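Architecture and fold: a report
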Amino acid sequence: MDGGSGIMLSELRTMWEVLKHTFTKAETVQYPEEMPYLSPRYRGRIVLTRDPDGEERCVACNLCAAVCPVDCIALQKETRADGTWYPEFFRINFSRCIMCGMCEEACPTYAIQLTPDFEMCEYDRQNMVYEKENLLINGVGKYPDYNFYRVSGMQTATKDKGEAKNEAAPIDPKSLLP
Amino acid sequence: MSELIPVLLALIILIGGVIVAAVLTWFERRLLGVWQDRYGPNRLGPLGIGQVLADMIKLLFKDDWVPPFADKVVFIFAPTAIVVAMMMGFAVVPFAPGMMIIDVNIGLLFFLGMTSLAVYSVLLGGLASNNKYALLGGLRSAAQMVSYEVFMGLSLMGVVMMSGSFSLVAIVEAQTDLWFCFSQILGLIVFVIAGIAESHRLPFDLPEAEHELTAGFHTEYGGMKFAMFMLGEYLGLMLISCMIVTLFFGGWHGPALIGHWLPPLFWFGFKVFFVICFFVLLRAAIPRPRYDQLMSLGWKVMLPITLINLVITGAVLLWMEGAG
Amino acid sequence: MPTIYVDDQALEVAQGENILEACLNAGLDLPYFCWHPAMGSIGSCRQCAVVQYQNEEDTKGRIVMGCMTPVTEGARFSLNTDNASKFREAVVESLMLNHPHDCPVCGEGGECHLQDMTVMVGHRDRRYTGKKNTHRNQYLGPLIHHEMNRCITCYRCERYYRDYAGGNDLAAQASHDHVYFGRHEEGVLQSEFSGNLVEVCPTGVFTDKPFLKHYSRKWDLQSAPSICSGCAVGCNIAPAERYGKLKRVHNRYNHEVNGYFLCDRGRFGSGYINSDSRLDYAGIKKPDGSFMAVHQQQAIDTAVEWVKNKKVAGIGSPRGSIEANYLLRELVGAANFVPGFSDREAGILKAIVRILKTTTAINPSIKQMETADAILILGEDVTNTAPRVALGLRQAVRNKAFELAAQMGLPQWQDAAVRNLAQDQRSPMIIVSATDTRLDDVASQCISLSPDDIAAFGYGVAEALSGRKSQDEMVNQVAAVLAGANNPLVISGASMLHEGIVNSAVAVAEQLHSCDKPSMLSLCVAESNSLGLALLVDDPNSDANMSIANLTKQASDFDVVIVLENSLERRGLSEQIDSLYKANTKVISMDILENTTLANSDLVLPAASYAESQGTVVNSEGRAQRYFPVYQPSTERLPSWQWLLKLAVGCEHGGLANLEYFDQVVAACANSQAAFGRLVDVAPMRDYRNQGLKVPRQTHRYSGRTAMHAGVSVHEPQQPQDSQSPLTFSMEGLNRESPAALMPYVWSPGWNSNQSLQKFQAEVDGPLKGGTAGVHLISSDASGAVEPAVPITPTLKPHHWRLVPVHQVHGSDEMSVNTDEIAQLAGRAFIAVGAKLAEKLGVTEGDGLIVAPHNTELSLQVKILSRVAKNCVGFSAGYLETLDLQPGDLVTLSKDEAWVQPTSTVIATDRGPAHV
Ligand code: SF4
Ligand code: SF4
Ligand code: SF4
Ligand code: SF4
Ligand code: FES
């Protein structure tokens, strides 16, 4: 609007374009009578999944907590008898979460996943704080096959050294053979 | 008996004005929805009209709070000023033949006076809030209104010259044959733009520009005091629309040939409705300019146009007089 | 100062540096693995490759290793040229071939040098599709976790463990891509300095095992600058907290004190702070002997009621801060204040203070000790009484090697070359002690003598130095060695509780000084603030310092005795202490852990540990250093100084009642005594601001702030405010460019591991940019401190042996042994005999011996030492079972037939349960 008449024309054109919308349909979805379609990748309520063997996937690496822009994930690492890691507690404060999905991207084990569920209103804010028992589901979520401990070299109760993906049998350092 | 008519009319306008303003808040939102491919308020009552009531109840029940740092008296006075000024403006509007509160021979000047009073409301509100955003908003509105006041007044001079009177009834009557929107097209454009600026509606809502100034001059206002500002704004919208119809679109006159089929009041209301829709369309379509753009538009475009309009109108009138 | 050109940029560099150091000094990021500022270069990892050009015209250049290339005038290099950066990326790629893909479950993750370097060189995608080598892990004891798959064969661990720290049970094994770093067989790492492997290893092969048990990432830890309370060396540490638990202790660089390394007591010995036997609430003893928990204010009110206008005595604490001790002394009056040493120790510390104030010898820092070219140790097992000093001494004996290298024109950082050149040649170190010591392996001579004879030996050496030859040839030899040195160092200390030994060390040092040598004299004392407390009670105007013995005798003269962080059983014989408890005197005591003193008190106050409070301690070098709270004490605990200050305010004490802040206490203390004048300079005061902000305890990436407390309440509490110190419990603020005393953690962009330290150093291996923390409180007037030898008439009885204390890194220290892992390493109390005596008594290692001093007797486990002085037996000092054994006492020994050998502890393994 620097004073040129051409600019004025563009304003008029805009008004005309808008006016044409008098005859187009509203995009609004009448939730809750009408449920919107949410794609599987929709970023809603967060869950912790299990690996294909039914074990908790989360290894308490803390990466999700570190990447979370609002710092709403807190957990503490604990160790199982076989030396594998798991979270002693895992807490998400959904009253802070902005559903950005960064935690899911950071997670090296596909444990933490966002789901197409956004209906999580509460009258009491305290109920927005989810602990591990509220987060952990009995399934693999979006990634059916991945099992971190099958890939990583750490020894577990069911997998000896050298049995992970692409691993050779352990070396005997006392052997003189090449 | 006939003395009672203006009094009755005044009452009707007072109450009707408030009601229409309230309905306008809903209507505007619905209309914006239509143009923006959504619904707008549609949950309460038929077509969501109940929203008006809900909003009113909400505003009424809000805490009537005055910030401790504000200038209390001025702070409370400011929102009333705009409502009063706008209401007063309606006194001279000729809705239909004989249907006006008072027909003064300087009706037009009275209208201009009342609209310029409204600036005090915004200015004082901004000043009394004792808040930087409010102050900035107030300052903007002062500069904006004072500037556009000039073109607004000047743009009407063509109309005055052509009708030869400041009386609004006379002006309407002067349009029996030809509405001024044709002969005074330049005046119309300037008046419409200045009118938007005067009522600081979008896209010229710079005094409250929420992206920059939180909420500008009414940052600190809430509850009924805020509602008064809103009421003032919608009354202003109605008043300007009425004036545009009166001054440029033949007031109560219907279009030629079919004009007499329906009563004058209908034609007046019908035209006002369209002008209001046009204002809403502006809001739906045009983004807010920068403040300096607004000012340069005023002084570098509007002012020359009005002056040219004046000169041409004068010349044509003189020529016609000479010829006639 | 040669000028070199790096990527056409001229750099002024120091003569004798290598290119890697020069680049790091210039602030350039050149990746490296095997080079370590304290250990030099061996060029094994090939990571620090740069391109060197012959001259300006040369555009091709050739790749050289930065860490192996000395700077020369006008030399031209490039870091960024394609050749160099591609080479470095390829090196990382190949180092990663066998990487086990387990960063998420690695205790090094987030502070891993390998991660940092991988990102720095830009390696991302794995191209190799073959099989990865794997290794089995070893159980290395309770302190160190082993995960061999992560190794990149930089050899740092071996070089540190064997070459630097003198360990011999960890080494590289096998060859080519089978190289394995571990022990010959699983078992506890024997070095007292094994913990440094955690920081030395650039990957996650060696990680902190106790930390792993309740692991948190580095970025989630809240740290504060602190001082180790394990012994009187006063190493600078950075303890770290999360979720209200002390998670780990990391080294905090102090150029002159601990440098890059800590001992295992310091690193792992703070677990007691999380112990269940911490006191949570104040308690008032009920008539039935149990305690009634009361709130802080109630406790204070009770104490005020008992103390106000009454006759009160106070017992200080050598592990409490100067400030707390000072407050207690002011509260009860100097005449009624007992420092809280045992009476024998008090005497020796008095002597040490006198010596330090008058000696002509230099009182050296560890850095200075490392320059010594001849060392005489009198009666001290330094590795066990001042561990970090011993690590310094191990470097000092390498001065011979450096001397040889200098003759050949070899720079010191050419580590492998220098070691090859010197082989076993070391600077002389003579150890005169009653039992074997952990430095014997690098000593040129070890002499076993009883404490009295050590003193005599020392005086003999001094005499020999002055020209009067002794009949004892050994004495003359030692004197000759010292006389031949340029920079001799004499070390002794209080551990034998024998004043004669200390005085004889002074005699040697001062005699060396009068032979025109800058001789150094270092005296070890026992606890973190022993010397500070000794300075506090060192009042030249009165020598009527009360002793524990006196106090216990006159206990009933006092209405109340206040005990500050002291378990009195360690300070006097049990019958003495019992008489104090039995007297009709109220005992108020404050301490960190439950102990018998607390159990016998009438009012107990829960004290904050060093990690939760602020204070100043003076190390054996006379260096005053401040520690700051890492986190706020939980429950009803308070730092002792606050308990005492509240008590003083309650009692409307004249001098103290108007104090409020820690800084005011410091200032009052500084004014009270000339020796403490510089206490106010030890660390910045609470109003210190860096760019207008306090120093943050949390990293800028501290996570979970809106969730960690949400389990309790979703309404987030305000961060705790720290009004007492210049630090803040927050992530806001700068962690750089602050004074050395205020460095809670090291981190720099791109450098997440502890290697980021170089960004904080003024130059590689130099002091910090913020200076060196600590202030020397003691300056000597050099008037001479030699005391004449006290003639000794040995009282020997047949079939009696003289007890000498044997100190243990793990076990002798009161507090650290309450940590599970340390207790496990400490084992049981023992009686240490030579092999011959053992044979005579018919016992072997692990058997029981009945030790009978006076009229009691106790059974102890036998430990066989390689050398023990004639007629002496050692006993484990500082163990609860042996508290009543007094050094110097004569005891009889007989085999305990009823002794049951403890079942040999099964070596746990780190392997999974199913696979053995
Ligand atoms: S979705 Fe985003 S805000 Fe929510 S927990 Fe994950 S990282 Fe945090
Ligand atoms: S990033 Fe994944 S594996 Fe790591 S702590 Fe979070 S959920 Fe667990
Ligand atoms: S274990 Fe660590 S320090 Fe030792 S060679 Fe491997 S990576 Fe280097
Ligand atoms: S040497 Fe002493 S001060 Fe240093 S870490 Fe070990 S115990 Fe702590
Ligand atoms: S750091 Fe230079 S080769 Fe390893």
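Residues numbered from 1 in each chain as written. Chains lettered and ligands numbered in written order. Predicted model: local features only at pLDDT ≥ 70, side-chain atom pairs only at ≥ 80, totals over all residues. Heavy atoms only, no water.

Counting its secondary structure elements, chain C contains 26 helices and 37 strands. A compact globule built from 916 residues should have a C-alpha radius of gyration of about 29 Å, and chain C, at 28 Å, falls within 12% of that. For chain C, the spread of C-alpha atoms along the principal axes amounts to about 90 × 80 × 60 Å. For chain C, the proportion of contacts with a sequence separation of at least 24, taken over those separated by at least 6, is 74%. As presented, chain C carries roughly 33800 Å² of accessible surface, and 49% of it is formed by carbon and sulfur atoms. (Helix = DSSP H or I, 4+ residues; strand = E, 2+ residues; numbered from the N terminus. Rg over C-alpha atoms; globule rule 2.2 N^0.38 Å. Contact = heavy atoms within 4.5 Å. Areas by Shrake-Rupley, 256 points an atom, 1.4 Å probe, with all protein chains shown as cover.)

Turning our attention to the site of ligand 2. In the region of ligand 2, 13 residues are neighbours, and Cys-58, Cys-61, Asn-62, Cys-64 and Cys-107 of chain A sit closest. A breakdown of the residues in the shell around ligand 2 according to their chemical character gives 11 nonpolar, two polar and no charged. (Near = heavy atom within 4 Å. Nonpolar A, V, L, I, M, F, W, Y, C, P; charged D, E, K, R; others polar.)

What follows is about the pattern of salt bridges. All names here are of chain A. What the rule picks out here adds up to 53 salt bridges over all chains. Linking Glu-56 and Lys-132 is a salt bridge whose minimum nitrogen-to-oxygen distance equals 3.0 Å. Pair noted here: Glu-56 is in the loop between β1 (46-48) and α2 (63-67) and Lys-132 is in helix α4 (residues 132-135), with a separation of 76 residues, a long-range link. Summarising the burial analysis for this pair, Glu-56 and Lys-132 share the class buried. (Salt bridge = Lys/Arg side-chain N within 4 Å of Asp/Glu carboxyl O. Buried < 20%, exposed > 50% of the residue type's maximum accessible area, 1.4 Å probe, protein only.)

Counting contacts across all two pairs of chains that touch, the top-ranked interface belongs to chains A and C. Chain B shows no contact with chain C. Their nearest C-alpha atoms sit 25 Å apart.

Let us now look at the pairing of strand β3 (residues 85-93) of chain A. All names here are of chain A. Looking at chain direction, strand β2 (residues 73-79) and β3 are connected through seven bridges and run antiparallel. Bridged to Ile-73 within β3 is Ile-92. Turn length for the β2-β3 hairpin, with the two strands adjacent in sequence and antiparallel, is five residues, and the turn residue Gly-83 shows positive phi of about 95°. Looking at chain direction, β3 and strand β5 (residues 129-130) are connected through two bridges and run antiparallel. Across the sheet, the residue bridging to Asn-93 is Val-129, located in β5. (Pairing = 2+ DSSP bridges.)

The subject of this paragraph is the domain arrangement of chain C. Residues and elements named next belong to chain C. When its domains are assigned, chain C resolves into domain 1 (3-96), domain 2 (282-345 + 532-775), domain 3 (361-388 + 415-436 + 447-518) and domain 4 (801-913). Distance from the C-alpha centre of domain 2 to the C-alpha centre of domain 3: 36 Å. Between domain 2 and domain 3, the contact holds seven residues from the first and five residues from the second. Carbon and sulfur atoms supply 47% of the area that domain 2 and domain 3 bury against each other, a total of about 420 Å² over both sides. By the criterion of area lost to domain 3, the three top residues of domain 2 are Arg-344, Glu-345 and Glu-621, representing 76% of everything that side buries. At the junction of domain 2 with domain 3, the criterion picks out zero salt bridges. The interface formed by domain 2 and domain 3 includes two residue pairs in polar contact (both at pLDDT 80 or more). The residue makeup of the side of domain 2 that touches domain 3, split by class, is no nonpolar, two polar and five charged. (Domains from an automatic or database assignment. Buried area = accessible area lost by both parts, 1.4 Å probe. Polar contact = N/O pair within 3.5 Å; in protein donor to acceptor, adjacent residues only side chain to side chain.)

For any pair of aromatic rings, the description consists of the separation of the ring centres together with the inter-plane angle of the planes. In this structure the tally under the stated criterion is 34 aromatic pairs over all chains. Summarising the aromatic geometry, the rings of Trp-85 of chain A and Tyr-215 of chain C are spaced 5.3 Å apart at their centres and angled 55° between planes, so their arrangement reads as tilted. Residue Trp-85 of chain A is located in strand β3, and its partner Tyr-215 of chain C is located in the loop between α6 (209-213) and β11 (222-223); the two belong to separate chains. Under the relative-accessibility criterion, Tyr-215 of chain C is labelled buried at 1%. Relative to Phe-248 of chain B, the ring of Phe-191 of chain B has its centre 5.8 Å away and its plane inclined at 45°; by these criteria the two rings are tilted. Taken together, the residues span a long stretch of sequence, with Phe-191 of chain B in helix α8 (residues 185-198) and Phe-248 of chain B in helix α10 (residues 223-248) at a distance of 57 residues. Of the two residues examined, Phe-191 of chain B and Phe-248 of chain B, each falls in the buried class. Here the aromatic cluster, defined as three or more aromatic residues joined through ring pairs, consists of Phe-27, Phe-266, Trp-267, Phe-270, Phe-273 and Phe-274 of chain B. Sitting over the ring of Tyr-5 of chain C, Arg-76 of chain C keeps its end group 4.7 Å from the ring centre. (Phe/Tyr/Trp six-rings, centres within 6.5 Å; stacked < 30°, edge-to-face > 60°. Lys NZ or Arg CZ within 6 Å of the ring centre and 35° of its normal.)

Among the residues of helix α3 (residues 113-121) of chain C, those classed as buried are His-113, Leu-114, Asp-116, Met-117, Thr-118 and Val-121 of chain C. Buried residues in α3 of chain C make contact with α2 (82-95) of chain C.

Let us look at the interface of chain B and chain A. Contacts between the two partners involve 18 residues from chain B, matched on the other side by 20 residues from chain A. Taken together, the two surfaces of chain B and chain A that pack against each other cover about 1700 Å², and 63% of this comes from carbon and sulfur. Sorting the residues of chain B by area buried against chain A places Trp-35, Asp-37 and Tyr-39 of chain B first, and these three jointly supply 33% of that buried surface. The interface formed by chain B and chain A includes one salt bridge. Across the pair Arg-43 of chain B and Glu-33 of chain A runs a salt bridge, and its minimum N-O distance is 3.0 Å. Of all the secondary structure elements, the ones that give two or more residues to the side of chain B that touches chain A are α1 (4-35), α11 (264-285) and α12 (291-323) of chain B. Grouping the constituent residues of the side of chain B that touches chain A by class yields 13 nonpolar, two polar and three charged.

With that settled, consider the sheet that holds strand β1 (residues 3-6) of chain C. All names here are of chain C. A sheet is described by the order of its strands in space; here five strands give the open sequence β2-β1-β5-β3-β4, paired in mixed fashion. This sheet does not close on itself; its edge strands, each paired only once, are β2 (9-12) and β4 (62-65). Sheet twist, expressed as the mean angle between neighbouring strand axes with direction ignored, is 40°. Sheet topology note: the strand β3 (residues 49-53)/strand β5 (residues 76-78) ladder contains three bridges and is antiparallel. Considered in β5, the bridge of Gln-52 is made with Phe-77. (Axes fitted to C-alpha atoms, helices over the stretch in contact; angles between N-to-C directions.)

Let's shift gears to the site of ligand 4. Around ligand 4, the structure places Cys-228, Gly-230, Cys-231, Val-233, Gly-234, Cys-235, Leu-262, Cys-263, Arg-265, Gly-266, Pro-387 and Arg-388 of chain C. If you list the elements that add at least two residues to the shell around ligand 4, you get α7 (264-268) and α13 (387-396) of chain C.

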